[in-house]
Amino acid sequence: MNLVVQGQKVETRALKDLATLTGSEGVGRLGNNAFRLRGAQPHPELDAYCEARQLDCAFVPEDRRLGDFRLFVTDMDSTLITIECIDEIADMQGLKAEVSAITEAAMRGEMDFRESLTRRVALLEGLPEDALRRVFEERLQFNPGAEALLAGLKKAGIVTVLVSGGFTYFTDRLQKQLGFDYAVANELEVRGGKLTGKVRGNIVDGEAKRHTLQLVRRHHGFAPETVVAAGDGANDLPMLQEAGIGIAYQAKPVVRKKATYALNHCGLDGILNLLG
């Protein structure tokens, strides 16, 4: 196995310590602040050492290649982008604190996602539709490495899916901007230029995310082990566990615990280094 080490800054001293700790046969550079320690072995102090230095570390099979994978599915809010869109929309109503508290409870798995979304959307009733445009143009930002990740996946011929418990207003625009092959999300009901406080159609929750992954995988005839999924909240767990590799990105503890890999310090493009 190889140990992939990544972070905002990887010191030479840390690489030497890790090589000694894991009995590595040598160190190779994967990119800026990303390295591969060849022939590394697990060590009980490894995780604590890396976390103390804000490094992400993961054991990756030596023969794994990016070309082994066929499908990538990702969450949007707080995974692909830095914000929770519904919280920022609520801020236009002066209700951000109230909505954010419900969002956080749902992401930690303390509240059913469908219930949480229904309660949060209801608070948006009467808000002008233009608030969505303002959030997209003024507040939405990508997490570091998002554009590089999508470019790398597309170059490798991997099918990409954006599936979100958020809203189609945002996923549709991000699909065009980043070139996702598919995008699935909830549709806010609008009448007379204002939000009604309701969602049109079925709610996209954790099971719907898993089902979307399955549908796209089966449509293309991809094997389960060729699927990668990324997310941060409890409602992402069904699709992370359905995928061959599930990646928790800056995620809640319940998600980090159950994912294949957890990235807490490097950018989203660090996912490429885990895939070969």
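Caption draft 1: Quick peek at the packing of aromatic side chains. Overall, the coordinates contain one aromatic pair when judged by the stated rule. Directly above the aromatic system of Y49 lies the positively charged group of R53, at a separation of 3.6 Å from the ring centroid. In this structure, R173 packs its charged tip against the face of Y169, placed 3.6 Å from the ring centre.

Caption draft 2: Molecular detail of the sheet that holds strand β3 (residues 34–38). Strand order in the open sheet made by the four strands is β2-β3-β1-β4, with antiparallel pairing throughout. Pairing within the sheet leaves two strands with one partner each, and these edge strands are β2 (26–31) and β4 (55–60). Shown here is a sheet whose adjacent strand axes are inclined to one another by a mean of 25°, direction ignored. Across four bridges, the pairing between strand β1 (residues 2–7) and β3 is antiparallel. Looking at the pairing, Q6 lines up with A34 of β3.

Caption draft 3: Layout of unusual backbone geometry. At Q54, a residue that is not glycine, the phi angle is positive and equals roughly 55°. Following the sequence through the fold, Q54 ends up in the loop between α2 (46–52) and β4.

So, how was this worked out
- Residues numbered from 1 in each chain as written.
- Predicted model: local features only at pLDDT ≥ 70, side-chain atom pairs only at ≥ 80, totals over all residues.
- Heavy atoms only, no water.
- Phe/Tyr/Trp six-rings, centres within 6.5 Å; stacked < 30°, edge-to-face > 60°.
- Lys NZ or Arg CZ within 6 Å of the ring centre and 35° of its normal.
- Pairing = 2+ DSSP bridges.
- Helix = DSSP H or I, 4+ residues; strand = E, 2+ residues; numbered from the N terminus.
- Axes fitted to C-alpha atoms, helices over the stretch in contact; angles between N-to-C directions.

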